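Residue-level structure breakdown
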Amino acid sequence: MSDAQSLIENRPPSVATLFLERVEATPEREAYRYPVPPASGDGPDEWRSYNWSEAAERVFRIAAGLIALGVRSEERVALASSTRVDWILCDLGVLCAGAATTTVYPSTKEEETAYILADSDSRVLIAEDASQLEKVRARRAELPDLAHVVVIEEADATPAEGDPDGWVLSLDELIRRGAERLKEKPECVKEAVAALRADQLATLIYTSGTTGRPKGVRLPHDCWSYMAKAIKQTSLVTEDDLQYLWLPLAHVFGKVLIAGQIEVGHSTAVDGRIDKIIENLPVVRPTYMAAVPRIFEKVYNGVAAKARDGGAAKYKIFLWAAGVAREYAKVSQDNFRRTGVHSVPVGLRAKHAVADKLVYAKLREAFGGRLRACVSGSAALAPDIGYFFSGAGVHILEGYGLTETSAASFVNPGESYRTGTVGKPLPGTEVRIAEDGEILLRGPGVMQGYHGLDEQTREVLEDDGWFHTGDIGELSDDGFLRITDRKKDLIKTSGGKYIAPAEVEGQFKAVCPYVSNIVVHGADRNFCTALIALDEPSIMNWAEENGLGDQPYAKVVASDQVRELIDGHVKELNEGLQRWQTIKKFRILPRDLDVEHGDLTPSLKLKRPVVEREFGYLLDDMYAGSREA
């Protein structure tokens, strides 16, 4: 048995245990960095820090406070908040109290929030602010077992008429109660951690399904302990790294990053305000960051649109540099695969050096100038966009996993990463491809099952531990996995041809700098169509330069000029597709797709059925009069 395998197989029962070990090992090292807005409301944020010892003091008091409220082993404590340092400390407090966290996206509507809290039997809710408190206050009659709501923002922790005595309290008050409990019984938290079992429920994450009620995925402590150890064995991050964490922590991708950080011991800057990412990166100057493909697409489209706005010459330079970046990345990766050395011909290296001065260096500075690697997950990254960033020196390591597998089942291995693949399985995870191409996984990261849904669990989880992912993929001879599509999303045209819509959509995002989202449609049809949503900042900048600056977004995207512009990009896309994949007709949507309208999940995944249902009239219009086989 190798040392790496031994460390994984002899892992402790919980991340709570790992947290205690981390605090003991490096108490004075920075653990978390977080922004504090100026009191006046004007000016830049001030960034403050907790070292591991300071974080532990707060975590222990939260844990002891929950114990004082009567929370017992494996009872659920729900957490409804945006990404902030308090989310992490509260989650660790729940785990150190021996309880289990139910994660709730802050964007979740009132009805679904009540459903999740009731279905999970959550006894306590930790709510970020008044808006999260009001969601449950309005549904309190449906939540008789919800004993307390702890509000992070102290000013919002105000009881209302009709609230039971002590039903609402602030996080600061919980911490004060915890401090008192620790005075009475100093070892109560450490005793709760010592009593944790590997198979004990740690986290209940509700999948944001495209139809029907969300399902609660039961992840025991062992899943996170395994993930923490396995992530360390990949050697992608070291204790000297600084991570920038903005991902929603209610999502499994964000959760696994917390576990990995505790085991590795590096520092993490935490700020979930998406509108602050561009401003924060040059200030934080991270060396490591995880993101979803939409973020990289927006950066790419923004850079391309800015170059186009700078005039024909500047845009021509950008297109040349983008082409050089892609060629450089492909040649370099191919040579590394064959020889173990990243090498390119002298001529290409010279072109790359010029392009670096003109384009790439500025791009890297926008990321803070120190970014060593990014991990992309949650959805497929278009290979052309991946190659562009790779060639520009922003290395995007794609990974793969699901809520049901604790997020990180595959990741690209450092400098030997291959754009267009999700890398190799984490140590301890097994993979096989079923006869129909479906990816099956088995290992310590796989869930226990869906909460209270035995039949649905049996549909995806075999008795011998193999989990059916619902994704279609291919394994290379040396173990790299490429995802081709979701099993349920594969399109079969009326002519019998199979099409992977995500592949076509990804290619369009690489050729069109104005696209935000695209939905390729064609199941049981005799040709493919597309619904295209345009990125508002990019297309409005174009509008300003082309005589439409006085028009609102809805009128701009409905204009003949914009339709002609996008038609050119669709034709460019079609040139690289097989005949049956080509987009014969398209419609530009009157608005962008977003979480608020239910078009995207909180992790920015596309909800195809929702979009196709809402804009079905546009699909019907495109197929009107055509002969459907």
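To be clear, the structure that these remarks concern was listed above.
This write-up is about the structure you can find in this document.

Conventions and cut-offs
Residues numbered from 1 in each chain as written. Predicted model: local features only at pLDDT ≥ 70, side-chain atom pairs only at ≥ 80, totals over all residues. Heavy atoms only, no water. Helix = DSSP H or I, 4+ residues; strand = E, 2+ residues; numbered from the N terminus. Buried < 20%, exposed > 50% of the residue type's maximum accessible area, 1.4 Å probe, protein only. Patch = residues over 30% accessible without salt bridge, like charges linked within 9 Å, V, L, I, M, F, W, Y side chains within 5 Å. Areas by Shrake-Rupley, 256 points an atom, 1.4 Å probe, with all protein chains shown as cover. Salt bridge = Lys/Arg side-chain N within 4 Å of Asp/Glu carboxyl O. Contact = heavy atoms within 4.5 Å. Axes fitted to C-alpha atoms, helices over the stretch in contact; angles between N-to-C directions. Parallel < 35°, antiparallel > 145°, perpendicular 65-115°, else oblique. Left-handed = near helix turned anticlockwise from the far one by under 90°. Nonpolar A, V, L, I, M, F, W, Y, C, P; charged D, E, K, R; others polar. Expected span 1.5 Å × (residues − 1). Polar contact = N/O pair within 3.5 Å; in protein donor to acceptor, adjacent residues only side chain to side chain. Core = buried A, V, L, I, M, F, W, Y, C linked by side-chain atoms within 4.5 Å.

This part is about unusual backbone geometry. A positive phi angle, near 60°, is found at aspartate 121, a position not held by glycine. With respect to the helices, strands and loops of the structure, aspartate 121 is situated in the loop between helix 5 (110-119) and strand 5 (122-127). Its identity is not glycine, yet arginine 285 carries a phi of approximately 55°, on the positive side. Positionally, arginine 285 belongs in the loop between helix 11 (277-284) and strand 12 (288-291). Overall, arginine 285 belongs to the partly exposed group, its relative accessible area being 37%.

Looking now at a nonpolar patch on the surface. A surface patch of nonpolar side chains, amounting to about 340 Å² of accessible area, comprises Ile317, Trp320, Val354 and Leu358. Note that isoleucine 317 resides in helix 13 (residues 312-339).

Secondary-structure assignment places tryptophan 167 in the loop between strand 6 (148-151) and strand 7 (168-170). Taking C-alpha positions, tryptophan 167 is 9.4 Å from valine 124, a pair spaced 43 residues apart along the chain. Ignoring any residue separated from it by four or fewer positions in sequence, one finds tryptophan 167 in contact with Leu133, Val136, Arg137, Arg140, Leu146, Ala147, His148 and Val149.

Contact geometry of helix 2 (residues 15-25) with helix 3 (residues 52-68) gives a least axis separation of 9 Å together with a crossing angle of 140°. Comparing their axes, helix 3 and helix 2 come out oblique. For the crossing formed where helix 2 meets helix 3, the hand is left-handed. Contacts from Phe19, Leu20, Arg22 and Val23 in helix 2 reach Trp52, Ser53, Ala55, Ala56, Val59 and Phe60 in helix 3. Of the residues in the contact of helix 2 with helix 3, the class split is 8 nonpolar, 1 polar and 1 charged.

With 17 residues, helix 3 extends 24 Å from end C-alpha to end C-alpha; this agrees with the ideal 24 Å at 1.5 Å per step. Inspection of helix 3 places Trp52, Ala55, Ala56, Val59, Phe60, Ile62, Ala63, Ala64, Gly65, Leu66 and Ile67 among the buried residues, and these make up the whole buried set. Capping of helix 3 at its N-terminal end is provided by asparagine 51; its side-chain oxygen lies 3.1 Å from the backbone amide nitrogen of serine 53. Glycine 70 lies just past helix 3 and shows a positive phi near 100°.

Judged by nonpolar contacts, the single largest core of 137 residues is most densely connected at Phe19, Tyr32, Leu66 and Phe389. Top element by residues in this core is helix 3. It accounts for 10 residues. Residues within four places of phenylalanine 19 in sequence aside, it is in contact with Trp52, Ala55, Ala56, Val59, Phe60, Leu92, Cys96 and Ile262. Grouped together as the second largest cluster of nonpolar side chains are 29 residues, Val515, Val520, Ile539 and Ile566 included.

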